[in-house]
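Listed below, chain by chain, are the residues.
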Amino acid sequence: MATANQRGQHAHERGTGAGSGRTTAAESGRGSGAGPEASELHVLAAQLRRMNGEINRLVQSFAGTHGLHATDVQALAAILDAQEPMTPGRLREHLGLTSGAVTACVDRLERAGHVRRVRESADRRVVHLHYVPGARAAARTYFRPLADAATAASSGFDESELAVVVRFLAAMNGELRLVRSDDG
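Residues numbered from 1 in each chain as written. Predicted model: local features only at pLDDT ≥ 70, side-chain atom pairs only at ≥ 80, totals over all residues. Heavy atoms only, no water.

**So, the overall build of the protein chain**
If you tally the helices and strands in the protein chain, you get nine helices and two strands. Within the protein chain, the fraction of its 184 residues that count as buried is 20%. When contacts within the protein chain are restricted to residue pairs at least 6 apart in sequence, long-range pairs at least 24 apart make up 43% of them. Here the protein chain has roughly 12400 Å² of accessible surface; of this, 55% comes from carbon and sulfur atoms. (Helix = DSSP H or I, 4+ residues; strand = E, 2+ residues; numbered from the N terminus. Buried < 20%, exposed > 50% of the residue type's maximum accessible area, 1.4 Å probe, protein only. Contact = heavy atoms within 4.5 Å. Areas by Shrake-Rupley, 256 points an atom, 1.4 Å probe, with all protein chains shown as cover.)

Right, here's the structure in full:
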């Protein structure tokens, strides 16, 4: 069974789907033969792929400008979004990488001046990863167009509609985490 990434890649290779500028019959809801619910799901999936493609374009550009890999940018986002100090072990779990790959990633991020490793004073074995303040400001500046786009897009929705969107995205992320876990 093909994963969602593989299916998206196949669609991209055929010149259809997200970012190609052409909409397939399934994405537009025509010719699916499965009724309106399936059509809406196809349209939603196409829009999610397009948004993912646009965000990936920004991530790739940031990574290239800073001599990083796309995975490094994912690591930066995980460190930034963490509710508690990020450790290399938690980062490994979040990214689904080996310990060695996480070490290489953190080494690149540290050399590039984006993060620093801090050993806890109570237990010197515990290492926390912290975003360097100047690097955080640079990332915010670089990704400002994404924040501006989100602000512009959300301006056409009221609070209750935005709450539904946020709830959907959180549920979608939860489901995708399960898919990632099953693939490994």
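Picking up after the structure, the text goes on.
**What about the nonpolar core?**
Residues Phe62, Leu76, Leu91, Leu109 and Leu129 are the most contacted members of the largest nonpolar core, which totals 24 residues. For this core, the secondary-structure elements that each account for two or more residues are α3 (36-65), α4 (70-81), α5 (88-95), α6 (99-111), β2 (127-131) and α7 (133-142). Sort the elements by how many residues they give to this core and α4 lands first, with five residues. (Core = buried A, V, L, I, M, F, W, Y, C linked by side-chain atoms within 4.5 Å.)

**Remarks on the environment of tyrosine 131**
Within the element layout of this structure, tyrosine 131 appears in strand β2. Overall, the relative accessible area of 7% leaves tyrosine 131 in the buried class. Through-space distance from the C-alpha of tyrosine 131 to that of alanine 77 is 9.6 Å; in sequence the pair is 54 residues apart. Setting aside anything within four residues of it in sequence, one finds tyrosine 131 in contact with Leu76, Ile79, Leu80, His114, Val115, Arg136 and Ala139.

**Some details on the pairing of β2**
Among the five residues that make up β2, four are buried, leaving the element largely enclosed by the rest of the structure. By the bridge criterion, five bridges tie strand β1 (residues 115-119) to β2 in an arrangement that is antiparallel. Among the inter-strand pairings, arginine 116 is bridged to a residue of β2, identified as histidine 130. (Pairing = 2+ DSSP bridges.)

**Thoughts on the packing of α4 against α5**
One way to put it is that α4 packs onto α5 with a least axis distance of 10 Å and a crossing angle of 120 degrees. Our classification of the angle between α4 and α5 gives oblique. Between α4 and α5 lies a crossing of right-handed hand. In this structure, α4 contributes Thr71, Gln74, Ala75 and Ala78 to the contact, and α5 contributes Leu91, His94 and Leu95. Of the residues belonging to the contact of α4 with α5, the class tally is four nonpolar, three polar and no charged. (Axes fitted to C-alpha atoms, helices over the stretch in contact; angles between N-to-C directions. Parallel < 35°, antiparallel > 145°, perpendicular 65-115°, else oblique. Left-handed = near helix turned anticlockwise from the far one by under 90°. Nonpolar A, V, L, I, M, F, W, Y, C, P; charged D, E, K, R; others polar.)

By themselves, these observations are geometric and do not establish any function.
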